[in-house]
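# Reading the structure
Here is what each chain is made of, one letter per residue.
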Amino acid sequence: MMKIQILISKSSWASEYKKEIFNKLKEFSKNVCFFQDHKKLKDNYDINIVFSYFKIIPKIYLKKSKINLIPHESNLPKGKGMSPLTWQILEGKKKICFSLIEANSKIDNGIIYYKKIKTIPKNYLFDEIKKIQLNENLKLILKFIRFYKRKNIAPRGKLQIGKSTFYKKRVPKNSEIKIKKSILSQFNLLRVVDNKNYPAYFRVYGKKYILKISKS
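Below: a short report on this structure. (Residues numbered from 1 in each chain as written. Predicted model: local features only at pLDDT ≥ 70, side-chain atom pairs only at ≥ 80, totals over all residues. Heavy atoms only, no water.)

### Quick notes on the side chain of serine 29
Its place among the elements puts serine 29 in the loop between helix H1 (18-25) and strand S2 (31-35). Of the residues examined, serine 29 reaches a relative accessible area of 1% and is grouped as buried. A distance of 2.9 Å separates a polar atom in the side chain of serine 29 from the backbone oxygen of asparagine 31. (Helix = DSSP H or I, 4+ residues; strand = E, 2+ residues; numbered from the N terminus. Buried < 20%, exposed > 50% of the residue type's maximum accessible area, 1.4 Å probe, protein only. Polar contact = N/O pair within 3.5 Å; in protein donor to acceptor, adjacent residues only side chain to side chain.)

This is the structure in structure tokens:
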């Protein structure tokens, strides 16, 4: 039975889905460990899944597992970096490319194992979008694990070809609504804000006001 460890940053949206992730992986491993810090990774594991992790992992820690996987929501090498799914929705994209790559010492630069296109409905809000993100990433991860279990080797990956582009880290300021613009023109921003951790807000008359969106 293979050994699997998973890195998820404490502040990541994925932290709330550890149970679902575990339930999907327990078929393949009785030894599934979750960590919030790459320095805690264990030696001699088969697979390390960098599910939603905000730090660069030095090579010495990548060597603790035979394979290090990263699910990433862009058509690499376009869209490397932070929060690619959110940035693409803000750009007005509906069809998103989900990728599964091998981690290396550079940001989102490893070989690509799988890619899959998924449409994000234009009326989906944060929680619904994140559920799609979770499910599509898990599908690619499970596809890899099934192959690896059957062949005892990773599937053949492809090198990234073309010019890289990068998305920057999102900060609370990115959730600001402009009061002189229409709601419709800013609806994609309202869709992707995290009501709990990074809610939308606007400023008027010297005060800051919080907006939280939900479906009726």
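### Focus: the environment of glutamate 128
Within the secondary structure layout, glutamate 128 lies in helix H4 (residues 126-151). Residue classification places glutamate 128 among the partly exposed positions, given a relative accessible area of 27%. Between the C-alpha atom of glutamate 128 and that of valine 192, which follows or precedes it by 64 residues, the distance is 9.8 Å. Residue contacts for glutamate 128: discarding those within four places in its chain leaves Asn123 and Lys215. (Contact = heavy atoms within 4.5 Å.)

### As for the sheet that holds strand S3 (residues 45-52)
The strands making up a sheet associate through backbone hydrogen bonding, with each pair oriented either parallel or antiparallel. Ordered by their spatial adjacency, six strands build an open sheet running S2-S1-S3-S4-S6-S7, and the pairing between neighbours is mixed. Strand pairing shows two members of the sheet lacking a second neighbour, S2 and strand S7 (112-119), which therefore form its edges. Strand after strand, the sheet turns through a mean of 20° between neighbouring axes, direction not considered. As defined by bridge partners, strand S1 (residues 3-8) adjoins S3 across five bridges and the pair is classed as parallel. The partner of leucine 7 across the bridge, within S3, is valine 50. Packed onto the sheet, H4 meets S1, S3, strand S4 (65-72), strand S6 (95-102) and S7 and runs at close to 150° relative to S7. (Pairing = 2+ DSSP bridges. Axes fitted to C-alpha atoms, helices over the stretch in contact; angles between N-to-C directions.)

### Observations regarding the environment of lysine 158
For lysine 158, the location among the structural elements is in the loop between H4 and strand S8 (166-167). Classification of lysine 158 by relative accessible area gives exposed; the value is 65%. Apart from residues lying up to four places away in sequence, lysine 158 is in contact with Ile111 and Ile112.

### Regarding the packing of aromatic side chains
Applying the stated rule across the entire model yields six aromatic pairs. Taken together, a centroid distance of 5.9 Å and an interplanar angle of 65° make the contact between tryptophan 13 and tyrosine 17 edge-to-face. Taken individually, tryptophan 13 and tyrosine 17 each receive the classification buried, so the pair is uniform in this respect. Three or more aromatic residues joined by ring pairs form one cluster here, namely Trp13, Tyr17 and Phe51. A cation sits over an aromatic face here: arginine 170 above tryptophan 87, 4.7 Å from the ring centre. (Phe/Tyr/Trp six-rings, centres within 6.5 Å; stacked < 30°, edge-to-face > 60°. Lys NZ or Arg CZ within 6 Å of the ring centre and 35° of its normal.)

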